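In case you want the letters, here they are:
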2 protein chains.
Amino acid sequence: MSGMTFLPHPDTEHITLANVLTALGDETRLAIIGHLARNEENAMTCGQFLDLGSKTSLSYHLAKLREAGVVHVRPEGTKRFVTLRRVDLDARFPGFLDTIIATTRHLPFACRDGNVLTNAQLAEVGTS
Amino acid sequence: MSGMTFLPHPDTEHITLANVLTALGDETRLAIIGHLARNEENAMTCGQFLDLGSKTSLSYHLAKLREAGVVHVRPEGTKRFVTLRRVDLDARFPGFLDTIIATTRHLPFACRDGNVLTNAQLAEVGTS
DNA sequence: GCAATAGTTCAAAAGTTCTTGAACATTGAA
DNA sequence: TTCAATGTTCAAGAACTTTTGAACTATTGC
């Protein structure tokens, strides 16, 4: 009934560069950021990242990103809506997120089987 | 006599974002980058980073930064002169290094004993 | 209530990173 | 040649990170 699932997020002023860099220095998490960046209008659920790893492993990686202050996770029903903390990151490290995204955008997208997603597949992941 | 110590550096096009982020996602290495950024005119030797860790540990961290393509190391005599690979990083990830440095600049500088260097001490490290 | 959906937590295992000290290598100078 | 200076390599250990599957929680809809 209550829905009070605790999902701690650091305050903007407690987001540190070292934590953000550590969070992003991982292929899976960088790929998650890529998915989010291609989709900044509509929040994504965890399930939409399943091409990048198992449910458990994604839960782990998304927690890392959340704890570092890179993403915000909003529980709604049984789902969690994940968004980039763009405003906070821009305030804290101006220009940083954009250079990451710009690079991530024209990178091939590795998925869990080691092959690479086509643009068509990416569009599908992005809009489903 | 020969002086042919091999110090492999990745080519510019082989510098990857994930490797750079992993290399920078560490307090010691971020502090090294901070020292280098305050000193971009004159190359620094490894010995000038000794407030950040032991000789062995710095050798390890500087190798990480070199292998990721973040710094260039030029042997000269018994010393190694370390510089940021600014041109290459700017070509590969435009704006990235500057946002890192801008953040690093107004960060307190932790040194190995857990205390923080004053600006005077930093200047001393930088120009000795 | 019961089942389905969406995600988390736990403990174990495997792998990676970092620090340490001792031994080594290279260069330059007395 | 011998010494000091500067840094590297090696092996061991401690501490983290990541992945797994099984068990769990919370919510929604029937």
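Now for a quick tour of the structure. Since we're looking at a predicted model, the values are computed, not measured.

## Here's the deal with the pattern of salt bridges
Inference 1: Evaluation of the coordinates by the stated rule reveals ten salt bridges over all chains.
Inference 2: Measuring nitrogen to oxygen at the nearest pair gives 3.3 Å for the salt bridge that ties Arg86(B) to Asp90(B). Of this pair, Arg86(B) and Asp90(B) both sit in helix 4 (residues 86–92), four residues apart, which is roughly one turn of that helix.
Inference 3: Overlapping salt bridges bring together Glu40(A), Arg86(A), Asp90(A) and Asp98(A) as one network.

## Details of helix 3 (residues 55–68) of chain B
Owing to its 3.6 residues per turn, the α-helix aligns residues three or four sequence positions apart on the same side.
Residue and element names in this part refer to chain B.
Inference 1: Compared with an ideal rise of 1.5 Å per residue, which puts 14 residues at 20 Å, helix 3 spans 20 Å between its outermost C-alpha atoms and is within 8% of the ideal.
Inference 2: Within the sequence span of helix 3, burial applies to Leu58, His61, Leu62, Ala63, Leu65, Arg66 and Ala68.
Inference 3: Elements in contact with the buried residues of helix 3: helix 1 (17–24), helix 2 (27–37), strand 2 (71–76) and strand 3 (79–84).
Inference 4: With its phi angle positive at about 90 degrees, Gly69 sits one or two positions after the end of helix 3.

## Regarding the interface of chain B and chain A
Inference 1: Every contact between the two is made by 17 residues of chain B and, on the other side, 16 residues of chain A.
Inference 2: Surface buried jointly by chain B and chain A totals about 1,300 Å² across both partners, of which 76% is contributed by carbon and sulfur atoms.
Inference 3: For the pair chain B and chain A, the interface holds zero salt bridges.
Inference 4: In this assembly, chain B and chain A are joined by two residue pairs in polar contact (both at pLDDT 80 or more).
Inference 5: Residue assignment for the side of chain B that touches chain A shows that the elements contributing at least two residues are helix 1, helix 2 and helix 5 (96–105) of chain B.
Inference 6: Here the residues of the side of chain B that touches chain A sort into nine nonpolar, six polar and two charged.

## Let's talk about the sheet that holds strand 3 of chain B
All names here are of chain B.
Inference 1: Ordered in space as 1-3-2, the three strands form an open sheet in which the pairing is antiparallel. The outermost strands of the open sheet, each flanked by one partner alone, are strand 1 (44–45) and strand 2.
Inference 2: Relative to strand 3, strand 1 runs antiparallel, the two being bridged by two bridges. Note on strand 3: the bridge partner recorded for Thr45 is Phe81.
Inference 3: Contacts from helix 2 reach strand 1, strand 2 and strand 3, with the element oriented near 85 degrees to strand 3.

## Here's the deal with the packing of aromatic side chains
Inference 1: Tallied over the full model, the rule gives three aromatic pairs over all chains.
Inference 2: Their ring planes at 70 degrees and their centres at 6.3 Å tell us that Phe93(A) and Phe96(A) sit as a pair that is edge-to-face.
Inference 3: Members of the aromatic cluster, each reached through a chain of ring pairs, are Phe93(A), Phe96(A), Phe93(B) and Phe96(B).

## Considerations on the sheet that holds strand 3 (residues 79–84) of chain A
Inference 1: Read across the sheet, three strands follow the order 1-3-2 (chain A) without closing on themselves; strand pairing throughout is antiparallel. With one partner strand each, in any of the chains shown, strand 1 (44–45) and strand 2 (71–76) of chain A form the two edges of the open sheet.

Rules used in this analysis
- Residues numbered from 1 in each chain as written.
- Chains lettered and ligands numbered in written order.
- Predicted model: local features only at pLDDT ≥ 70, side-chain atom pairs only at ≥ 80, totals over all residues.
- Heavy atoms only, no water.
- Salt bridge = Lys/Arg side-chain N within 4 Å of Asp/Glu carboxyl O.
- Helix = DSSP H or I, 4+ residues; strand = E, 2+ residues; numbered from the N terminus.
- Expected span 1.5 Å × (residues − 1).
- Buried < 20%, exposed > 50% of the residue type's maximum accessible area, 1.4 Å probe, protein only.
- Contact = heavy atoms within 4.5 Å.
- Buried area = accessible area lost by both parts, 1.4 Å probe.
- Polar contact = N/O pair within 3.5 Å; in protein donor to acceptor, adjacent residues only side chain to side chain.
- Nonpolar A, V, L, I, M, F, W, Y, C, P; charged D, E, K, R; others polar.
- Pairing = 2+ DSSP bridges.
- Axes fitted to C-alpha atoms, helices over the stretch in contact; angles between N-to-C directions.
- Phe/Tyr/Trp six-rings, centres within 6.5 Å; stacked < 30°, edge-to-face > 60°.

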